[in-house]
Amino acid sequence: MDYFSESIKQAIRTVPDWPKPGVAFRDITTVLQDKTAFRKLIDAFVHRYHGQKIDAVAAVDARGFIIGSALAYELNASLVLVRKKGKLPFDTLVEDYELEYGTASVELHKDAFKSGDKVVLVDDLIATGGTMLAATRLIRRIGAEIVEVAAMIDLPDLGGSRKLQEEGLQVYTVCS
Ligand code: PRP
Ligand code: ADE
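Residues numbered from 1 in each chain as written. Chains lettered and ligands numbered in written order. Predicted model: local features only at pLDDT ≥ 70, side-chain atom pairs only at ≥ 80, totals over all residues. Heavy atoms only, no water.

A. Focus on the sheet that holds strand β9 (residues 171-175). Here we have seven strands laid out as an open sheet, ordered β5-β6-β4-β3-β7-β8-β9, and mixed in their pairing. Unpaired on one side and paired on the other, β5 (92-99) and β9 mark the two borders of the sheet. Here the average twist between neighbouring strands, direction ignored, is 25°. With five bridges connecting them, strand β3 (residues 56-60) and strand β4 (residues 78-84) associate as parallel partners. Along β4, the bridge assignment pairs alanine 58 with valine 80. (Pairing = 2+ DSSP bridges. Helix = DSSP H or I, 4+ residues; strand = E, 2+ residues; numbered from the N terminus. Axes fitted to C-alpha atoms, helices over the stretch in contact; angles between N-to-C directions.)

See the structure below:
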């Protein structure tokens, strides 16, 4: 891990047994509150995609929005919101998935992308990979192309990033 990743990692707070016993919750609010760490985080993503043709950044509800909006702005790309079920007002597509602690569904507006758009999908964290995988299915159903699946944190013991790679997706994470 490089100096940038290491210093971002230092700023993450791990809260044991939250939201339920056995879960080590990675709290990113401490990164966001640290202006140096937050800037390094966004810079890491911008550096990764700078100079590439990226039409849109798709960001996952809710913590992915924080990274995704800053990244889309810097890349001069569109920002598309992949939301939890029941939050989007127009016609949607839905995909169900399992979480490390529960089940959920994600939704996407049917007109979120043009066919062939090149998309970076962003979230704060990959645990089981269920959320990201469901989001990739939504994006592909609309006919957009996923350039890469990107997250600030990978929890490799939960196997999500490996599962995404096995599905043929390119995966980038800043720290693990
Ligand atoms: C968290 C996290 C990712 C997802 C990762 O979101 O922000 O989106 O879980 O888990 P997975 O890889 O096992 O799918 P959460 O569903 O807790 O929602 P929140 O962002 O609204 O808190
Ligand atoms: N989402 C799923 N697992 C998580 C964890 N351990 N910390 C933060 N967000 C999560």
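B. Representation of the packing of aromatic side chains. Scanning all chains against the criterion turns up three aromatic pairs. A ring pair is formed by tryptophan 18 and phenylalanine 25, whose centres lie 4.9 Å apart and whose planes are at 80°; its orientation type is edge-to-face. Classification of tryptophan 18 by relative accessible area gives partly exposed; the value is 47%. Relative to tyrosine 172, the ring of phenylalanine 45 lies with its centre 5.8 Å away and its plane at 90°, an arrangement referred to as edge-to-face. Here tyrosine 172 lies in strand β9 and phenylalanine 45 lies in helix α3 (residues 35-49), a separation of 127 residues in the sequence. Members of the aromatic cluster, each reached through a chain of ring pairs, are Phe45, Tyr49 and Tyr172. (Phe/Tyr/Trp six-rings, centres within 6.5 Å; stacked < 30°, edge-to-face > 60°. Buried < 20%, exposed > 50% of the residue type's maximum accessible area, 1.4 Å probe, protein only.)

C. Highlighting the site of ligand 1. Around ligand 1 sit 16 residues, and of these Asp123, Asp124, Ala127, Thr128 and Thr131 come closest. Between ligand 1 and the protein, one listed contact pairs an oxygen atom with a backbone N or O atom of alanine 127 at 2.8 Å. Surface burial for ligand 1 is 85%, taken as the share of its 500 Å² of free accessible area covered by protein chains. Contributions of two or more residues to the shell around ligand 1 are made by β7 (118-126) and α5 (130-141). Ranked by residues supplied to the shell around ligand 1, first place goes to β7 with four residues. (Near = heavy atom within 4 Å. Polar contact = N/O pair within 3.5 Å; in protein donor to acceptor, adjacent residues only side chain to side chain. Areas by Shrake-Rupley, 256 points an atom, 1.4 Å probe, with all protein chains shown as cover.)

D. View of the confidence of the model for the protein chain. On average, residues of the protein chain carry a pLDDT of 96, and 98% of them reach 70 or more. Helix α1 (residues 3-10) is the least confidently modelled element of the protein chain, averaging 90 in pLDDT, while β3 averages 99, the highest of any element. (pLDDT = per-residue confidence, 0-100.)

E. Layout of the environment of aspartate 43. Mapped onto the fold, aspartate 43 is located in helix α3. Put simply, aspartate 43 and threonine 173 are 130 residues apart on the chain and 13 Å apart in space, counted from C-alpha to C-alpha.

F. Up close: the layout of surface pockets. In this structure, the second largest pocket encloses a volume near 180 Å³. As for the second largest pocket, its lining consists of Lys35, Phe38, Arg39, Ile42, Asp43, Val46, Ala70 and Glu74. Every element with two or more residues in the lining of the second largest pocket is listed here: α3 and α4 (63-75). At six residues, α3 tops the list of elements feeding residues into the lining of the second largest pocket. (1 Å grid on protein atoms, 1.4 Å probe; cavity = no way out; pocket = protein on both sides within 12 Å on 5 of 7 lines; lining within 4 Å. Points joined across faces, edges and corners; volume = space filled by probe spheres on them.)

G. Spatial organisation of the packing of α1 against α3. Direction vectors running N to C along α1 and α3 enclose 135°, while the axes themselves pass 9 Å from each other. Taken together, the axes of α1 and α3 lie oblique to each other. Taken as a pair, α1 and α3 cross one another with a handedness that is left-handed. Between α1 and α3, the residues in contact are Tyr3, Phe4, Ser7 and Ile8 and Ala37, Lys40 and Leu41, respectively. In terms of residue class, the contact of α1 with α3 is made up of five nonpolar, one polar and one charged. (Parallel < 35°, antiparallel > 145°, perpendicular 65-115°, else oblique. Left-handed = near helix turned anticlockwise from the far one by under 90°. Contact = heavy atoms within 4.5 Å. Nonpolar A, V, L, I, M, F, W, Y, C, P; charged D, E, K, R; others polar.)

H. Looking closely at the pattern of salt bridges. Following the criterion strictly, the structure yields nine salt bridges and no others. One salt bridge in this structure joins arginine 162 and glutamate 166, with 3.9 Å as the shortest N-O distance. Of this pair, arginine 162 and glutamate 166 are both found in helix α6 (residues 160-166), four residues apart, which corresponds to roughly one turn of the helix. Summarising the burial analysis for this pair, arginine 162 and glutamate 166 share the class exposed. Bridged by salt links that share partners, the residues Glu95, Arg137 and Arg141 form one connected network. (Salt bridge = Lys/Arg side-chain N within 4 Å of Asp/Glu carboxyl O.)

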